[in-house]
Amino acid sequence: QVQLVESGGGSVQAGGSLRLSCAVSGATHSLTYIGWFRQASGKEREAVAGIYSFNSQTWYADSVKGRFTISQGNFKATVTLRMNSLKVEDTGIYYCAGSRHGRTDIDFWGRGTQVTVSS
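Residues numbered from 1 in each chain as written. Predicted model: local features only at pLDDT ≥ 70, side-chain atom pairs only at ≥ 80, totals over all residues. Heavy atoms only, no water.

### A word on the state of the cysteines
Inspection of every chain in the model, using the stated rule, returns 1 disulfide. Between the sulfur atoms of Cys 22 and its disulfide mate Cys 96 the distance is 2.1 Å. Here the S-S torsion is close to -85°, and the disulfide linking Cys 22 with Cys 96 is therefore left-handed. With Cys 22 in strand E3 (residues 18-26) and Cys 96 in strand E9 (residues 92-99), the pair connects residues that are 74 residues apart, well separated along the chain. The same class applies to Cys 22 and to Cys 96, which are both buried. (Disulfide = S-S within 2.5 Å. Helix = DSSP H or I, 4+ residues; strand = E, 2+ residues; numbered from the N terminus. Buried < 20%, exposed > 50% of the residue type's maximum accessible area, 1.4 Å probe, protein only.)

Shown next as structure tokens:
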């Protein structure tokens, strides 16, 4: 079993920055991929960024490339998403998620943290 808990959400003006953290516990050795997803009001959940634990290779959605950075520290205990140059369209609930297989097969989800970007 794996548990993921997000923190660091809040409100920021467009152009500002936020840093989200994901605390991972449980059977972390089973995870090969940890990523971030987001869901805006009235929209479907979308993948934002992720990292593969075995080689630290990262993946980013086109909409956040060059602005967001994902990293992993303390083995699999924490995963950080640094968000710069935030836009209003970045607003949503951000979820941390883990997979035993890959980016498109998520097995575990956090409860989410709200990010609000105002103009």
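### Concerning the pairing of strand E8 (residues 78-83)
Bridge count between E3 and E8: 6 bridges; the pairing is antiparallel. Of the residues in E8, the one forming a bridge with Cys 22 is Val 79. Bridging between strand E7 (residues 68-73) and E8 involves 6 bridges; their strand directions are antiparallel. Of the residues in E8, the one forming a bridge with Thr 69 is Arg 82. (Pairing = 2+ DSSP bridges.)

### Points about the packing of aromatic side chains
Counted under the stated rule, the structure contains 4 aromatic pairs. Here the aromatic cluster, defined as three or more aromatic residues joined through ring pairs, consists of Tyr 33, Tyr 52 and Phe 54. A cation over a ring is seen here: Arg 45 above Tyr 95, with NZ or CZ 5.0 Å from the ring centre. Above the plane of the ring of Trp 109 lies Arg 45, whose end atom (NZ or CZ) is 4.1 Å from the centre. (Phe/Tyr/Trp six-rings, centres within 6.5 Å; stacked < 30°, edge-to-face > 60°. Lys NZ or Arg CZ within 6 Å of the ring centre and 35° of its normal.)

### What about the side chain of Thr 113?
Tracing the backbone shows Thr 113 in strand E11 (residues 113-118). When its relative accessible area of 12% is taken as the criterion, Thr 113 is described as buried. For Thr 113, the side chain forms a polar contact with the main-chain nitrogen of Gly 9, separated by 3.3 Å. Among residues more than four places away in sequence, those in contact with Thr 113 are Glu 6, Gly 8, Gly 9, Leu 20, Gly 92, Ile 93 and Tyr 94. (Polar contact = N/O pair within 3.5 Å; in protein donor to acceptor, adjacent residues only side chain to side chain. Contact = heavy atoms within 4.5 Å.)

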